[in-house]
Amino acid sequence: MVDKHLRSSDGPTGAVDMTPYISVCRAHTESLRAARGAAPQCFVLTFGCQQNVADSEKLAGMAVDIGYEITDAPEQADLILVNTCAIREHAEKRALSIVGQYKHLKEKNPSLVIGVCGCMVAQEHRCEQLKRSYPYVSFVIPTSVIYRFPQYLAETVTKGKRVFRAEEEHTVAEGLPIRRESSYRAFVSIMYGCNNFCSYCIVPYVRGRERSRAPEDVIREVKTLVQAGYSDITLLGQNVNSYGKDLEEPCSFASLLRRLDGIEGDYILHFMTSHPKDATRELIDVMAQSRHVAHSFHLPLQSGSDRILSRMNRHYDRAKYLDILDYMREQIPGIAVTSDVIVGFPGESEADFEDTLSMLRRARFDMIYSFIYSPRKGTPAAAMEDQIPREVQNARFDRLLALQNEISGEANALLVGSVQRVLSEGKSKNDAETYTGRTAQNKIVFFKEPCPAGEWVSVHIDRAEAFALHGTVITK
Ligand code: SAH
Ligand code: SF4
Ligand code: F3S
């Protein structure tokens with residue numbers, strides 16, 4: 001972990017002033033430090049998507065700002081923050097089970113403070129559950145108010161209060177300190193929330209409506225990162241294609257990207273996620289002409305059946321999806337396209353599922369993330385009558401994976417013999433003899449030649465698998 005701090009902008013805006021609470025928290029960490037002669041420790045655990053990773057970097061940044069050191073060891077922590085996800089039932093179960101395991105840490109160290117943050121606790125029933133059944137949890141912080149962390153911590157440590165407040169506030173808090181996990185790869189949220197209400201999805205309920213950051217704030221943050229040596233920057237939003245529509249002076253995502261591309265330096269820009277209904281030709285044109293935007297596109301399909309797409313409230317059909325897909329392949333030859341697919345959505349017939357398989361054959365994605373539909377309390381799809389039995393979902397999921405593995409393997413095989421520019425991620429976690437990195441299309445590459453994380457290398461691709469490429473470094 002790299003102890004590097006960057007501020008996302010000059011000062012908090014659009015949010016309640018936290019300064020008095022920050023002072024209280026600093027006094028608290030000072031007294032802990034004085035009592036034991038060492039800095040108090042904070043452990044942050046993250047579930048969910050990159051937006052949550054980015055939020056955790058802000059939580060960690062705020063923790064450091066008020067006097068904590070970040071630790072990897074929960075058993076040494078004075079403060080534990082669990083940043084949760086609610087996208088599927090499994091994600092919630094894992095988070096609750098981990099929080100449950102921290103009970104014995106609290107028993108050993110009664111001054112330990114445990115906070116649960118993120119999407120799961122933006123749901124009333126989960127807050128109630130934590131309040132009732134997890135008495136050792138001191139506070140919850142829903143995603144949209146993470147900047148209030150010093151306030152909740154201050155209330156906990158000074159008044160011994162448990163804070164379970166249902167905040168209905170959705171702001172864009174600028175200026176929070178950020179403690180980035182990596183010294184070369186950075187996530188930059190450009191907007192928060194979602195307006196789409198896909199019928200299966202909890203996100204609009206837990207993250208609120210779309211709020212875009214001002215383009216100047218985004219540009220300043222990216223510039224600072226590039227100057228600090230970051231070489232891989234990912235812009236984040238639930239649907240980046242609707243970026244800027246809510247701003248006083250509207251600014252399209254394509255024009256934001258064009259302005260960011262003007263920043264000088266040796267870096268690559270990724271973005272996610274794009275909703276097919278809003279992905280524009282203008283955006284593809286900007287990508288084609290850009291110097292820094294990666295030739296990769298994540299375009300979630302969800303289903304290949306027009307009937308299911310309509311029940312999912314996705315506002316596009318196969319034809320519209322293929323139209324934008326074909327355009328990007330035409331304008332940016334070699335572009336890597338990845339997607340998300342849900343199997344077993346309520347009412348999905350065998351014929352609907354076959355339509356999804358036929359779309360995979362036609363679209364030839366480089367890779368997909370596939371999910372078994374998980375009913376989410378409060379969403380329209382959860383109340384649909386024709387839920388699909390688990391065995392049918394599992395069988396379809398296996399068929400989907402088998403087909404996609406074949407397609408991914410074939411797509412990767414086309415790269416054998418080519419030379420790819422690869423950003424090294426350093427030593428592989430599983431094999432000390434091997435190094436890993438990613439191509440500009442975000443494909444994983446394994447190679448043997450030592451190369452520190454964060455460096456660009458040219459790699460000759462010798463061999464391909466469905467999920468990775470293997471090669472030899474030819475130049476650094
Ligand atoms: N904003 C992004 C997706 C965020 S969630 C977008 O619109 O593409 C990431 C993925 O999780 C979704 O694309 C979808 O495939 C999957 N997902 C969301 N809700 C789900 C649910 N209830 N069950 C199963 N998968 C789900
Ligand atoms: Fe969920 Fe749809 Fe919004 Fe994506 S676009 S976050 S799938 S509601
Ligand atoms: Fe999960 Fe929230 Fe992301 S529900 S997928 S952490 S937006």
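You'll find the structure just up there.
Residues numbered from 1 in each chain as written. Chains lettered and ligands numbered in written order. Predicted model: local features only at pLDDT ≥ 70, side-chain atom pairs only at ≥ 80, totals over all residues. Heavy atoms only, no water.

Peer 1: Would you mind showing me how to read the overall build of the chain here?
Peer 2: Assigned secondary structure in the chain consists of 14 helices and 20 strands. Relative to the 2.2 N^0.38 estimate, which gives 23 Å for 476 residues, the radius of gyration of the chain is 23 Å and therefore close to what a compact globule would have. By its C-alpha atoms, the chain is 65 × 60 × 50 Å across when sized along the principal axes. Counting over 476 residues, the chain shows a buried share of 57%. Taking the intrachain contacts of the chain between residues at least 6 apart in sequence as the baseline, contacts between residues at least 24 apart amount to 74%. (Helix = DSSP H or I, 4+ residues; strand = E, 2+ residues; numbered from the N terminus. Rg over C-alpha atoms; globule rule 2.2 N^0.38 Å. Buried < 20%, exposed > 50% of the residue type's maximum accessible area, 1.4 Å probe, protein only. Contact = heavy atoms within 4.5 Å.)

Peer 1: Explain the site of ligand 2 here, please?
Peer 2: Inspection of the region around ligand 2 gives Cys194, Asn196, Phe197, Cys198, Tyr200, Cys201, Val203, Pro204, Gln238, His275 and Arg314 as its neighbouring residues. In terms of residue class, the shell around ligand 2 is made up of 7 nonpolar, 3 polar and 1 charged. (Near = heavy atom within 4 Å. Nonpolar A, V, L, I, M, F, W, Y, C, P; charged D, E, K, R; others polar.)

Peer 1: Please clarify how the site of ligand 3 should be interpreted in this entry.
Peer 2: Taken together, the residues surrounding ligand 3 are Cys49, Asn52, Cys85, Ala86, Ile87, Cys119, Arg207 and Gln238. Of the residues belonging to the shell around ligand 3, the class tally is 5 nonpolar, 2 polar and 1 charged.

Peer 1: When you look at helix H9 (residues 253–261) in this model, what are you seeing that I'm missing?
Peer 2: Residues spaced three or four apart along an α-helix point in a common direction, a consequence of the helix completing one turn every 3.6 residues. Of the residues making up H9, those classed as buried are Phe253, Ala254, Leu256, Leu257, Leu260 and Asp261. In an axial view of H9, the angular spread of the buried residues amounts to 160°, which keeps them on one side of the axis. (Arc of directions from axis to C-beta.)

Peer 1: Would you explain the sheet that holds strand S3 (residues 69–70) in this entry?
Peer 2: Remark on secondary structure: sheet strands pair via backbone hydrogen bonds, oriented parallel or antiparallel. With parallel pairing, the 5 strands of this open sheet are ordered in space as S3-S2-S4-S5-S6. Strands with a single pairing partner mark the edges of an open sheet, and in this sheet they are S3 and strand S6 (139–142). Here strand S2 (residues 41–46) pairs with S3 via 2 bridges, running parallel. Bridge pairing links glutamine 41 to glutamate 69 in S3. Against the sheet, helix H6 (residues 149–159) touches strand S4 (79–84), strand S5 (113–118) and S6, its axis set at about 170° to S6. (Pairing = 2+ DSSP bridges. Axes fitted to C-alpha atoms, helices over the stretch in contact; angles between N-to-C directions.)

Peer 1: How do you make sense of the pattern of salt bridges when you look at a structure like this?
Peer 2: Between side chains of opposite charge, a pair can form when the charged atoms approach closely. For the structure shown, the criterion picks out 32 salt bridges. What emerges from the salt-bridge pattern is a single network uniting Glu57, Glu174, Arg180, Arg213 and Glu221. (Salt bridge = Lys/Arg side-chain N within 4 Å of Asp/Glu carboxyl O.)

Peer 1: Explain the side chain of threonine 273 here, please?
Peer 2: In this fold, threonine 273 is placed in the loop between strand S12 (268–272) and helix H10 (281–289). On the basis of relative accessibility, which here comes to 16%, the residue threonine 273 falls in the buried class.

Peer 1: Help me out: how do you make sense of the sheet that holds strand S14 (residues 336–343) in this one?
Peer 2: As summarised here, the arrangement of the 3 strands in space is S13-S14-S15, forming an open sheet in which the pairing is parallel. On the outer flanks of this sheet lie strand S13 (296–298) and strand S15 (367–372), each paired with one strand and no other. On average, adjacent strands in this sheet sit at an angle of 15° to one another, irrespective of strand direction. By the bridge criterion, 6 bridges tie S14 to S15 in an arrangement that is parallel. Opposite valine 341, over in S15, you have serine 370 as the bridge partner. Set on the sheet, helix H14 (residues 390–413) makes contact with S14 and S15; between it and S15 the angle comes to about 175°.

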